[in-house]
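Residue-level structure breakdown
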Amino acid sequence: MSRILKFLSATPIANTGSVARDHLANERTFLSWTRTGLGFVALGVALAKLDALEALSPALKHDHGDLKIPSAALVGSGTGCLSYGTLRYFASLRLLKRGLFRPNVAGIGLVAITSAAVAGGGIVMVVKQETMKV
């Protein structure tokens with residue numbers, strides 16, 4: 001047990017200049033990645049469970065087609081955000097300890113592409129559903 005606690009504990013860092021502020025900003029950024037990832041995962045799970053809700057209430061019955069692929073895409077995107085956020089946190093932590101910083105170009109691109117893909121997929125699903133009604 002003491003080995004685990006020793007592994008999880010961090011060594012104190014001298015708070016000179018903006019060191020504490022930089023590390024706290026890194027932690028807030030990690031929490032933001034976590035919140036975004038969990039949001040994608042929650043939306044994917046909710047979409048997957050839509051069929052179960054329709055079974056409970058016939059009023060919710062809609063011909064929306066197969067939701068397995070969009071659900072899996074959302075859960076996969078959320079998992080990617082969680083993974084990238086964790087890797088980014090530890091990479092930034094190492095750089096901050098050396099007094100360096102690397103801008104987050106890849107992460108911004110990842111979120112932009114993922115969000116565009118989710119929005120595009122949603123638009124395609126809505127248009128497809130509306131054309132099936134006509």
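The structure reproduced in this document is the subject of the present report. (Residues numbered from 1 in each chain as written. Predicted model: local features only at pLDDT ≥ 70, side-chain atom pairs only at ≥ 80, totals over all residues. Heavy atoms only, no water.)

**Examining the overall build of the protein**
Test applied: Each helix corresponds to a stretch of at least 4 residues labelled H or I by DSSP, and each strand to a stretch of at least 2 residues labelled E; elements are numbered beginning at the N terminus. Only protein chains enter the accessibility calculation, which uses a 1.4 Å probe. A residue is then buried if its area is under 20% of the maximum for its type, exposed if over 50%, and partly exposed in between. Note that accessible areas follow from Shrake-Rupley with a 1.4 Å probe, and for residues the cover is restricted to the protein chains shown.
Regarding its fold elements, the protein presents five helices and zero strands. In sequence order, the secondary structure elements of the protein are arranged as α-α-α-α-α. Buried residues in the protein amount to 18% of all 134 residues. Roughly 9900 Å² of accessible area belongs to the protein as shown, and the carbon and sulfur atoms make up 70% of that amount.

**Some words on the side chain of Ser71**
Position of Ser71 among the secondary structure elements: in helix 4 (residues 68-97). The exposure class assigned to Ser71 is buried, which follows from its relative accessible area of 6%.

**Looking at helix 4**
Here is the rule we go by: Expected span, for any helix, means 1.5 Å times one less than how many residues it has.
With 30 residues, helix 4 extends 44 Å from end C-alpha to end C-alpha; this agrees with the ideal 44 Å at 1.5 Å per step. Every buried residue of helix 4 is accounted for by Ser71, Leu74, Ser77, Gly78, Cys81, Gly85, Arg88, Tyr89, Ser92, Leu93, Leu95 and Leu96. One or two residues past the end of helix 4 sits Gly99, with phi positive at roughly 80 degrees.

**Considerations on the packing of aromatic side chains**
The criterion, for reference: Between rings of Phe, Tyr and Trp, where Trp is taken as its six-membered ring, a pair exists when centres lie within 6.5 Å; planes separated by under 30 degrees are stacked, by over 60 edge-to-face, and by other angles tilted.
With the rule as written, the count across this model stands at three aromatic pairs. Judged by centre distance (5.1 Å) and plane angle (65 degrees), the rings of Trp33 and Tyr84 are edge-to-face. Placement of the pair is Trp33 in helix 2 (residues 19-48) and Tyr84 in helix 4, with a sequence separation of 51 residues. On the accessibility criterion, Trp33 (7% relative accessible area) is buried. Taking relative accessible area as the criterion, Tyr84 reaches 21% and is therefore assigned partly exposed. A centroid spacing of 5.1 Å and a plane angle of 75 degrees characterise the contact between Tyr89 and Phe90, whose relative ring orientation is edge-to-face. Taking the relative accessible area as the measure of exposure, Phe90 reaches 43% and is therefore partly exposed. By the ring-pair criterion, three or more aromatic residues cluster together here, those being Phe30, Tyr89 and Phe90.

**Here we look at the packing of helix 2 against helix 4**
What counts, and what does not: Interaxial angles span 0 to 180 degrees and are taken between N-to-C directions of axes, which are lines fitted to C-alpha atoms, for helices over the stretch in contact. Here is the rule for angles: anything less than 35 degrees is roughly parallel, anything more than 145 is roughly antiparallel, 65 through 115 is roughly perpendicular, and the remaining ranges are oblique. Under the grouping applied here, Gly and all other residues not named as nonpolar or charged are polar, the nonpolar ones being Ala, Val, Leu, Ile, Met, Phe, Trp, Tyr, Cys and Pro and the charged ones Asp, Glu, Lys and Arg.
Two numbers describe how helix 2 lies on helix 4: the axes approach to 7 Å, and their chain directions differ by 170 degrees. Between helix 2 and helix 4, the interaxial angle falls into the category roughly antiparallel. For the contact of helix 2 with helix 4, the residue count by class is 18 nonpolar, 13 polar and three charged.

**Some points on helix 2**
Between its first and last C-alpha, helix 2 extends 44 Å over 30 residues, near the 44 Å set by a 1.5 Å rise per residue. Among the residues of helix 2, His23, Asn26, Trp33, Gly37, Phe40 and Gly44 are the ones counted as buried.

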